Amino acid sequence: MIPFLNLKKINEPYESEIKDVFSKFLDTGWYVLGKQVEEFENAFAKYCGSNNCIGVANGLDALEIILKSYDFPPYSEIIVPSNTYIASILSISNAGLKPVFVEPEIRSYNIDPVRIEEKITENTKAILVVHLYGRACEMDEINAIAKKNNLKVIEDAAQAHGSVYGGSLAGTLGDAAAFSFYPTKNLGAMGDAGAVLTSDKLIAEKVKLHRNYGSKVKYQNEVKGRNSRLDELQAAILNVKLRYLDNDNLIRRTIAKSYLSNITNPMVIMPLDDRVNEDSWHLFVVRVQDRERFRSFLSENGIGTDIHYPIAPHKQLAYSELSKTSFPISEQIHKEVVSLPLNTALTETEINHIINIVNLYK
Ligand SMILES: *Cc1c(COP(=O)(O)O)cnc(C)c1O
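The rules behind these values
Residues numbered from 1 in each chain as written. Predicted model: local features only at pLDDT ≥ 70, side-chain atom pairs only at ≥ 80, totals over all residues. Heavy atoms only, no water. Helix = DSSP H or I, 4+ residues; strand = E, 2+ residues; numbered from the N terminus. Rg over C-alpha atoms; globule rule 2.2 N^0.38 Å. Buried < 20%, exposed > 50% of the residue type's maximum accessible area, 1.4 Å probe, protein only. Contact = heavy atoms within 4.5 Å. Areas by Shrake-Rupley, 256 points an atom, 1.4 Å probe, with all protein chains shown as cover. Core = buried A, V, L, I, M, F, W, Y, C linked by side-chain atoms within 4.5 Å. 1 Å grid on protein atoms, 1.4 Å probe; cavity = no way out; pocket = protein on both sides within 12 Å on 5 of 7 lines; lining within 4 Å. Points joined across faces, edges and corners; volume = space filled by probe spheres on them. Axes fitted to C-alpha atoms, helices over the stretch in contact; angles between N-to-C directions. Parallel < 35°, antiparallel > 145°, perpendicular 65-115°, else oblique. Left-handed = near helix turned anticlockwise from the far one by under 90°. Nonpolar A, V, L, I, M, F, W, Y, C, P; charged D, E, K, R; others polar. Phe/Tyr/Trp six-rings, centres within 6.5 Å; stacked < 30°, edge-to-face > 60°. Near = heavy atom within 4 Å. Polar contact = N/O pair within 3.5 Å; in protein donor to acceptor, adjacent residues only side chain to side chain. Sits in = over half its atoms within 2 Å of the grid points. Pairing = 2+ DSSP bridges.

A. Expanded view of the overall build of the chain. Looking only at helices and strands, one finds 12 helices and 11 strands in the chain. In terms of overall dimensions, the chain is globule-like: its C-alpha atoms have a radius of gyration of 20 Å, near the 21 Å expected for 362 residues. With respect to the principal axes defined by its C-alpha atoms, the chain has extents near 65 × 55 × 40 Å. For the chain, the residues scored as buried account for 56% of the 362 residues in total. When contacts within the chain are restricted to residue pairs at least 6 apart in sequence, long-range pairs at least 24 apart make up 70% of them. When the accessible surface of the chain is totalled, it reaches about 16,200 Å², and 51% of it is carbon and sulfur.

Structure below.
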């Protein structure tokens, strides 16, 4: 069986280095927000080409804290793709703001720039873009719209570590960006972790306050913050794995290229191949009409798949107030997508088996 994801196997190449940093971590007796976190913040900022990185507890917090740090008036409208992981939407609700959905382009799965302006009102404050599956959004168009309408651009880069657009990395393509280092991400910790990147020094300071009870000086609280600190152990693991991110992404791109040039089944709609060397290929997502039959066929042939994601955010029980709204493109995507295994643990034999089996589906 080729599992969709085997985290143990994915982390195996780093195990001996991680054991080393773990024993050093034990020796220090310092567990939260320390030297490892600082080292990681500096290294990740440098890697992405940003001036400021602030480590936080997870990706959802990173998004929420960014939104809080801008101090938008309550219920301000935030433009967000209707086709995304629920965290992007929850961050807006949790920050006391209003998500305004914009449909994606069916081919890229990312927010359609052409549909953004019709949703802008005098209450709109920001566009929250999501680089879904590791493909950067059309940032030139989006930034132009934001500039014209005086809006902030916030990136949900949780799937886009090392993803490139116009020569710059995800995380530096807007005003502020949120990363997740959940274990399954391209750069994954061994627990929860996240970070905010921003070129805006004032926002960076605000984010730092918010992650630590609104406090810079111990027991002095400047804003109503929260506890979203990053711990030393996760940061130490990320410091090891960051050094291999480019190589890991190279492996992902090689697998993506292999799928793109060798899967030729007309029943399977492939992802766009115009930015093979720039996308981070967090997920390799195809579309098929009868998804369950396709998944069963793959499963019978020893291939695990997953779905990202089965229910559109506006169809979730948590957003029952939106149950009467209609976003047909998102609904179609959520009905048809299937993710094929694409990760650094796959062998050449496994990759070829996946290609052969997908081509045999009829
Ligand atoms: C993983 C993910 C998040 C949330 O990250 P957590 O660390 O799980 O909170 C947000 N947005 C997207 C697109 C994600 O894939």
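From this point, things continue past the structure.
B. Layout of the nonpolar core. In terms of nonpolar packing, the biggest core is built from 43 residues, with Phe40, Phe44, Ile116, Ile127 and Phe181 touching the most fellow members. For this core, the secondary-structure elements that each account for two or more residues are α3 (35–48), β3 (98–102), β4 (124–130), α6 (139–148), β6 (164–165), β8 (176–180), β9 (194–198) and α8 (232–242). Broken down by element, the residue count for this core peaks at six residues, all from α3. Excluding residues that lie within four positions of it along the chain, Phe44 makes contacts with Cys53, His161, Phe179, Phe181, Leu187, Leu197 and Leu242.

C. Representation of the layout of surface pockets. Roughly 530 Å³ of internal volume is contained in the largest pocket. Looking at the largest pocket, it is lined by 30 residues, and the ones nearest its centre are Tyr85, Tyr182, Thr184, Lys185 and Tyr309. When contributions to the lining of the largest pocket are tallied by element, the ones reaching two or more residues are α4 (59–69), α5 (86–94) and β8. The calculated volume of the second largest pocket comes to roughly 370 Å³. As for the second largest pocket, its lining consists of 18 residues, and the residues nearest its centre are Leu33, Arg211, Asn212, Ser215 and Lys216. Elements with a contribution of two residues or more to the lining of the second largest pocket: α3 and α7 (201–211). Here the lining of the second largest pocket gets four residues from one element, more than from any other, and that element is α7.

D. Quick peek at the packing of helix α10 (residues 291–300) against helix α12 (residues 348–360). Remark: α10 packs on α12, axes separated minimally by 10 Å, with the N-to-C direction vectors making an angle of 135°. Accordingly, the angle class assigned to the pair α10 and α12 is oblique. Regarding α10 and α12, the two cross each other, and that crossing is right-handed. Contacts from Phe294, Phe297 and Leu298 in α10 reach Ile357, Val358 and Leu360 in α12. For the contact of α10 with α12, the class distribution of residues is six nonpolar, no polar and no charged.

E. Main features of the packing of aromatic side chains. Counted under the stated rule, the structure contains 17 aromatic pairs. On the basis of an interplanar angle of 5° and a centroid distance of 6.5 Å, the ring pair of Phe179 and Phe181 is categorised as stacked. Judged by its relative accessible area of 0%, Phe181 falls in the buried class. Judged by centre distance (5.0 Å) and plane angle (75°), the ring pair of Tyr259 and Phe284 falls under edge-to-face. Residue Tyr259 is located in helix α9 (residues 245–262), and its partner Phe284 is located in strand β10 (residues 284–287); the two are separated by 25 residues in the primary sequence. By the burial criterion, Tyr259 is buried, and Phe284 matches it.

F. Spatial organisation of the site of the ligand. Around the ligand, a shell composed of Asn58, Gly59, Leu60, Tyr85, Ala87, Val130, Asp156, Ala158, Gln159, Ser180 and Lys185 is seen. Ser180 has a polar side-chain atom sitting 2.7 Å from an oxygen atom of the ligand. Between Lys185 and the ligand, the recorded distance is 2.7 Å, taken from a side-chain N or O atom to an oxygen atom. Spatially, the ligand is embedded in the largest pocket. Here the shell around the ligand is built from residues that sort into five nonpolar, four polar and two charged.

G. Representation of the pairing of strand β2 (residues 77–81) in the model. A large share of β2 lies buried, amounting to five of its five residues. Because side chains alternate across β2, one face comprises the buried residues Glu77, Ile79 and Pro81, and the other comprises Ile78 and Val80, equally buried. Bridge count for β2 against β3 is five bridges, and the pairing is parallel. Looking across to β3, one finds that Pro81 is bridged to Val102.

H. Representation of the environment of Ala256 within the structure. For Ala256, the position within the fold is in helix α9. Looking at Ala256, the relative accessible area reads 0%, which means it is buried. When the C-alpha atoms of Ala256 and Ile351 are compared, they prove to be 9.9 Å apart, with 95 residues separating the residues in sequence. Ignoring anything within four residues of it in the chain, the contact list for Ala256 reads Trp281, Phe284 and Leu342.

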